[in-house]
Amino acid sequence: MRKKIIAGNWKMNKTPSEAVALINELKPLVKNDDVDVVFCVPDIDIIPAVEACKGTNIAIGAENLYFEESGAYTGEISPNMLTDAGVKYVIIGHSERREYFAETDETVNKRTLAALAAGLKPIVCVGELKWERQCNITEEVIARQIKLDLWDVTAEQVKNVVIAYEPVWAIGTGLTATPDQAQEVCAFIRAQLAKKYDQATADAVTIQYGGSMNAGNAAELLAQPDIDGGLIGGASLKAADFNTIVQAAVEG
Ligand code: 13P
């Protein structure tokens, strides 16, 4: 049985003091051993967030990292800076980074390898554009991303990778993939992992769905056999909604 992981992706929201206030509101609500809860927060919020989550079952994640250890890379943050601050997870290759900040599968792969080498759990985001789905090439797009993003990732390492299937057309649009659509692609991702590694390894990998997941649709999505959690944007900024999603994961 894979333990479900419900992760909030706060994106570019919440100042440090707002972050602590939201965490303090969420902490008593999401206290549950059956589900792993992660808040992926802006870099400036990491230290107060780690502090606020001490002694709880909530892990803090970053929203990106750079793949070098240190050096002249103005504005970037390294894997060991994150681990030293108490970060456990890091989102890699979110579609917003691919779209606005020129991330490619090659840099996603470098970041994934660097995160794993540092002992972080990367949440690697894959997903097709609306146009690609319309052209019926969703599986080709996903297969390519899995192949390139996980290049040189070993079977032992991939057990620490979380894959987030985030159809780009569903992000921030209110258009959620249907449970059948999401399950179909998550099962396809697992089949790709089984082909690349083996079935037991594929069965050990957590695959999340993300894209307009909310308090109303989470239960149905999380009940699907290959959906092991969620990566939640907008609804993770509202304590009650996020908690409803966590409770759906506890039951699902
Ligand atoms: P929304 O939940 O706001 O659609 O965002 C999803 C997302 O991008 C999570 O990484």
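Scroll up to find the structure this text is about.
Structure report, in brief. (Residues numbered from 1 in each chain as written. Predicted model: local features only at pLDDT ≥ 70, side-chain atom pairs only at ≥ 80, totals over all residues. Heavy atoms only, no water.)

Let's shift gears to the site of the ligand. Near the ligand the following residues occur: Asn9, Lys11, His94, Glu166, Ala170, Ile171, Gly172, Gly211, Ser212, Leu231, Gly233 and Gly234. Here Glu166 contributes a side-chain N or O atom positioned 2.9 Å from an oxygen atom of the ligand. One nitrogen or oxygen atom from the main chain of Gly233 is found 2.9 Å from an oxygen atom belonging to the ligand. If the ligand stood free it would expose 300 Å²; the protein chains cover 94% of that surface. (Near = heavy atom within 4 Å. Polar contact = N/O pair within 3.5 Å; in protein donor to acceptor, adjacent residues only side chain to side chain. Areas by Shrake-Rupley, 256 points an atom, 1.4 Å probe, with all protein chains shown as cover.)

With 13 residues, helix α5 (residues 105-117) extends 18 Å from end C-alpha to end C-alpha; this agrees with the ideal 18 Å at 1.5 Å per step. For α5, the set of buried residues is Asp105, Thr107, Val108, Asn109, Arg111, Thr112, Ala114, Ala115 and Leu116. In this structure, the buried residues of α5 make contact with α3 (79-84), β4 (89-92), α4 (95-100), β5 (121-126), α7 (138-149) and α8 (155-158). Gly119 occupies a position one or two residues after α5 and carries a positive phi of about 90 degrees. (Helix = DSSP H or I, 4+ residues; strand = E, 2+ residues; numbered from the N terminus. Expected span 1.5 Å × (residues − 1). Buried < 20%, exposed > 50% of the residue type's maximum accessible area, 1.4 Å probe, protein only. Contact = heavy atoms within 4.5 Å.)

So, on to the sheet that holds strand β7 (residues 206-210). Strands sit in the order β1-β2-β3-β4-β5-β6-β7-β8 around a closed barrel of 8 strands; the barrel is parallel. Strand-to-strand twist of the sheet, defined as the mean angle between neighbouring strand axes without regard to direction, takes the value 25 degrees. Sheet analysis places β5 next to strand β6 (residues 162-165), joined by 4 bridges and oriented parallel. Its bridge partner lying in β6, Cys125 is registered against Ala164. Of the strands in this sheet, β2 (35-40) and β3 (58-62) are in contact with helix α2 (residues 46-53), which crosses β3 at around 170 degrees. (Pairing = 2+ DSSP bridges. Axes fitted to C-alpha atoms, helices over the stretch in contact; angles between N-to-C directions.)

Before going further, it helps to spend a moment on the pairing of strand β1 (residues 4-9). Counting buried positions along β1 yields 6 of 6 residues, so the element is predominantly enclosed. Residues Lys4, Ile6 and Gly8 of β1 are buried on one face, and the alternating residues Ile5, Ala7 and Asn9, pointing to the opposite face, are buried as well. Judged from the 6 bridges that link them, β1 and β2 form a sheet pairing that is parallel. Bridge pairing in β2 links Gly8 to Phe39. Two strands pair when backbone bridges link them, and β1 and strand β8 (residues 229-232) are joined in this way by 4 bridges, in the parallel orientation. Along β8, the bridge assignment pairs Ile5 with Gly229.

Turning to the state of the cysteines, a few remarks are in order. Within this structure, the stated rule accounts for 0 disulfides. No disulfide involves Cys40; its sulfur sits 8.9 Å from that of Cys125, the nearest cysteine. On the accessibility criterion, Cys40 (0% relative accessible area) is buried. (Disulfide = S-S within 2.5 Å.)

Attention now goes to the environment of Val126. Looking at the secondary structure, you find Val126 in strand β5. Excluding residues that lie within four positions of it along the chain, Val126 makes contacts with Ile142, Gln145, Ile146, Asp149, Ile163, Ala164, Tyr165, Glu166 and Ile189.

With that settled, the discussion passes to the packing of aromatic side chains. Throughout the structure, instances matching the rule amount to 6 aromatic pairs. Here Phe39 and Phe242 contribute two aromatic rings whose centre-to-centre distance is 5.6 Å and whose plane-to-plane angle is 55 degrees, an arrangement assigned as tilted. Taken together, the positions of Phe39 in strand β2 and Phe242 in helix α12 (residues 239-251) put the pair 203 residues apart, joining distant regions of the chain. Like Phe39, the residue Phe242 is buried in the burial classification. An aromatic cluster of three or more residues is present, and its members are Trp10, Phe39 and Phe242. (Phe/Tyr/Trp six-rings, centres within 6.5 Å; stacked < 30°, edge-to-face > 60°.)

Next up on the list: the nonpolar core. One finds Phe39, Ile163, Ile189 and Leu193 to be the most contacted residues of the largest nonpolar core, which totals 66 residues. Considering every element that reaches this core, the biggest residue donor is helix α9 (residues 179-196), with 7 residues. Not counting the four nearest positions on each side in its chain, Ile189 is found in contact with Val126, Ile142, Ile146, Ile163, Tyr165 and Ile207. Val38, Ile91, Cys125 and Ala164 belong to the second-largest nonpolar core, a separate cluster that totals 12 residues. (Core = buried A, V, L, I, M, F, W, Y, C linked by side-chain atoms within 4.5 Å.)

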